[in-house]
Amino acid sequence: MASSSAAATGPSEEFRYPGNRLGLPEDGAGSVATWGRRLLALLIDWLIAGLIASVVMGRPMWAGGSDFGVMHSALFAVTTGILTGLAGGSIGHRICDLRVLPVRDGKTFTAPPGLLAGLLRALLVSLLIPAVIFDRDRRGLHDLAARTIVVRR
């Protein structure tokens, strides 16, 4: 059993809540997005990409097929990547009142993250595994690689 001479005083100043280290507020606009909102935004974007793929392929989403799956995945990555990079969020992010911000040198900025960051982030989200491994600030490996964070609008 380890002991310390310092009294237990609660969370360190370094980590009091997600986003604290990046200078983000604890609640409200600009705070780190919750998992529920992020998941809903992802599902909305996936559904929209599926609907577009249905129109392009000329068959319904539930008909499936490997060629449909490739088209669906490609459309998801391209549409979310371009919208996130250039507009700061995909359609799902907008509907769920979320925004993707760039993080540089431990500080967040209000400009969109840029096309390369948006496409890298979307590609890694498509792979799924990077999105489910995350840090204390709720930044998945895809956010860390693209140097972004998802916040409430």
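Preceding block: the structure.
The shown structure was predicted, so the numbers you read here are calculated from the model rather than taken from an experiment.

J.: How should the overall build of the protein chain be read in this particular structure?
T.: Across its full length, the protein chain holds six helices and three strands. Of the regular secondary structure in the protein chain, the N- to C-terminal order runs α-α-α-β-β-α-α-α-β. Once the C-alpha set of the protein chain is aligned to its principal axes, its extents read approximately 70 × 40 × 25 Å. Considering only intrachain contacts with a sequence separation of at least 6, the fraction spanning at least 24 residues in the protein chain is 64%. A gap of 4 Å separates the mean positions of the 16 positive and 11 negative side-chain charges of the protein chain.

J.: Please explain the pattern of salt bridges as it appears in this structure.
T.: Applying the stated rule across the entire model yields four salt bridges. One salt bridge in this structure joins Asp137 and Arg21, with 2.7 Å as the shortest N-O distance. Taken as a pair, Asp137 in the loop between helix 5 (129-132) and helix 6 (141-146) and Arg21 in the segment before helix 1 (35-57) lie far apart in primary sequence, 116 residues in all. Using a relative accessible area of 2% as the deciding quantity, one classes Asp137 as buried. Across the salt bridge formed by Asp143 and Arg38, the nearest N and O atoms sit 2.9 Å from each other. Remark: Arg38 occurs in helix 1 and Asp143 occurs in helix 6; sequence separation between them is 105 residues. Residue class for Asp143 comes out buried when judged on its relative accessible area of 0%. Exposure remark for Arg38: the relative accessible area of 12% places this residue in the buried category. Connected through shared salt-bridge partners, Arg38, Arg121 and Asp143 make up one network.

J.: Just checking my understanding: could you explain the environment of Val32 for this structure?
T.: Turning to its location among the elements, Val32 is positioned in the segment before helix 1. Under the relative-accessibility criterion, Val32 is labelled buried at 6%. Leaving out residues up to four positions away in the same chain, Val32 has contacts with Pro18, Gly19, Leu24, Asp137, Arg138, Ile149, Val150 and Val151.

J.: Honestly, helix 2 (residues 66-87) in this entry has me stumped. Any pointers?
T.: Note: α-helices contain 3.6 residues per turn, so residues at a spacing of three or four share the same orientation. The end-to-end C-alpha distance of helix 2 is 31 Å, a good match for the 32 Å that 22 residues give at a rise of 1.5 Å each. Along helix 2, the positions that sit buried rather than exposed are Phe68, His72, Leu75, Phe76, Ala77, Thr80, Gly81, Thr84 and Gly85. Buried residues in helix 2 make contact with helix 1, helix 3 (91-95), strand 1 (98-104) and helix 4 (115-126). One or two steps after helix 2, the chain reaches Gly88, where phi turns positive at roughly 85°.

J.: Would you explain a nonpolar patch on the surface in this entry?
T.: A surface patch of nonpolar side chains, amounting to about 510 Å² of accessible area, comprises Leu128, Ile129, Val132, Ile133, Leu141 and Leu144. At the level of elements, helix 5 and helix 6 are the ones that each hand at least two residues to the nonpolar patch. As for its placement among the helices and strands, Ile129 is situated in helix 5.

J.: Which parts of the structure should I look at to understand the sheet that holds strand 1?
T.: Adjacent strands of a sheet pair through backbone hydrogen bonds, lying either parallel or antiparallel. Taken together, the three strands give an open sheet; going across it, the order is 2-1-3, and neighbouring strands pair in antiparallel fashion. The strands lining the two open edges of the sheet, one partner per strand, are strand 2 (107-108) and strand 3 (148-152). As paired elements, strand 1 and strand 2 share two bridges and run antiparallel to each other. Pairing of Val103 across the sheet is with Thr108, part of strand 2.

What counts and what doesn't
Residues numbered from 1 in each chain as written. Predicted model: local features only at pLDDT ≥ 70, side-chain atom pairs only at ≥ 80, totals over all residues. Heavy atoms only, no water. Helix = DSSP H or I, 4+ residues; strand = E, 2+ residues; numbered from the N terminus. Contact = heavy atoms within 4.5 Å. Lys, Arg positive; Asp, Glu negative; His and termini not counted. Charge placed at Lys NZ, Arg CZ, Asp CG, Glu CD. Salt bridge = Lys/Arg side-chain N within 4 Å of Asp/Glu carboxyl O. Buried < 20%, exposed > 50% of the residue type's maximum accessible area, 1.4 Å probe, protein only. Expected span 1.5 Å × (residues − 1). Patch = residues over 30% accessible without salt bridge, like charges linked within 9 Å, V, L, I, M, F, W, Y side chains within 5 Å. Areas by Shrake-Rupley, 256 points an atom, 1.4 Å probe, with all protein chains shown as cover. Pairing = 2+ DSSP bridges.

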